Amino acid sequence: MNSPDRKSILCVEDDETCEMFAALYPEYQFVFATTVAEARQLAASRQFDLFMLDVRLPDGNGIELCREMKALSPQTPVVLCSGYARDVDIRIGLMAGADAYQIKPLNFDLLREVLQSLTSSSGQQPVRNH
């Protein structure tokens, strides 16, 4: 699917998760980064419709990267994906500016709904899964 209206997502994960997302959600154009440094470079070089960030990365963390992405592009939604599932972890992620916090292992149907909601023209609400 090479439709020009596909929403672009910067997916920052240090494993094969981004490739899996691209296979599961072909309606989106995924751009992959495996480090905070690479994500910063990509985010500065082009516009994205959504940032999808792992919390734990080899050269930093997704919470700080979330803050940076929101400062760079305040209107672009951010989805944090993490195995950290305590209420305090979720609260920290949402306070950092995330629009959604998805707990690993991910519910792929719920994640599709979150992506659709956050990339549509309707209002954005913070979302968490359980």
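Parameters at a glance
Residues numbered from 1 in each chain as written. Predicted model: local features only at pLDDT ≥ 70, side-chain atom pairs only at ≥ 80, totals over all residues. Heavy atoms only, no water. Disulfide = S-S within 2.5 Å. Buried < 20%, exposed > 50% of the residue type's maximum accessible area, 1.4 Å probe, protein only. Salt bridge = Lys/Arg side-chain N within 4 Å of Asp/Glu carboxyl O. Helix = DSSP H or I, 4+ residues; strand = E, 2+ residues; numbered from the N terminus. Pairing = 2+ DSSP bridges. Right-handed = clockwise from strand over helix to strand, strands pointing away. Axes fitted to C-alpha atoms, helices over the stretch in contact; angles between N-to-C directions. Parallel < 35°, antiparallel > 145°, perpendicular 65-115°, else oblique. Contact = heavy atoms within 4.5 Å. Nonpolar A, V, L, I, M, F, W, Y, C, P; charged D, E, K, R; others polar.

*Asks:* Looking at this structure, I do not really get the state of the cysteines. What am I missing?
*Replies:* As used here, a disulfide is simply a covalent bond connecting the sulfur atoms of two cysteines. Applying the stated criterion across every chain, the model contains one disulfide. Bridging Cys11 to Cys18, the disulfide has an S-S length of 2.2 Å. When the S-S torsion is -90°, as for the bridge of Cys11 with Cys18, the disulfide is left-handed. Since its relative accessible area comes to 2%, Cys18 is described here as buried. Not part of a disulfide, Cys66 finds its nearest cysteine sulfur in Cys81, a span of 11 Å. Overall, Cys66 belongs to the buried group, its relative accessible area being 0%.

*Asks:* It is not clear to me how the pattern of salt bridges should be interpreted in this structure. Could you clarify?
*Replies:* Close approach of charged atoms allows side chains with opposite charge to pair. Overall, the coordinates contain seven salt bridges when judged by the stated rule. Here Arg86 ties to Asp89 by a salt bridge, and the two come within 3.0 Å at their closest N and O atoms.

*Asks:* What is the right way to read the pairing of strand β1 (residues 7-12) from this model?
*Replies:* Two faces belong to every sheet, and in a regular strand the side chains alternate between them. Burial of β1 is extensive: five of the six residues sit out of reach of the surface. Here β1 runs beside strand β2 (residues 28-33); their pairing, made up of six bridges, is parallel. Within the sheet, the bridge partner assigned to Leu10 lies in β2 and is Val31. In terms of handedness, the path from β1 via helix α1 (residues 17-24) over to β2 forms a crossover that is right-handed. Bridge count for β1 against strand β3 (residues 50-54) is four bridges, and the pairing is parallel.

*Asks:* I'm lost on the packing of α1 against helix α5 (residues 108-119) in this one. Help?
*Replies:* A packed helix pair is summarised by two numbers, namely the angle formed by the two axes and the spacing between the axes. It is at 12 Å that the axes of α1 and α5 come closest, and there the two elements cross at 75°. Judged on the interaxial angle alone, α5 and α1 are roughly perpendicular. Touching Met20, Phe21 and Leu24 of α1 are Phe108, Leu111 and Arg112, all from α5. Of the residues in the contact of α1 with α5, the class split is five nonpolar, no polar and one charged.

Everything listed here is a matter of coordinates, which is why it stays silent on function.
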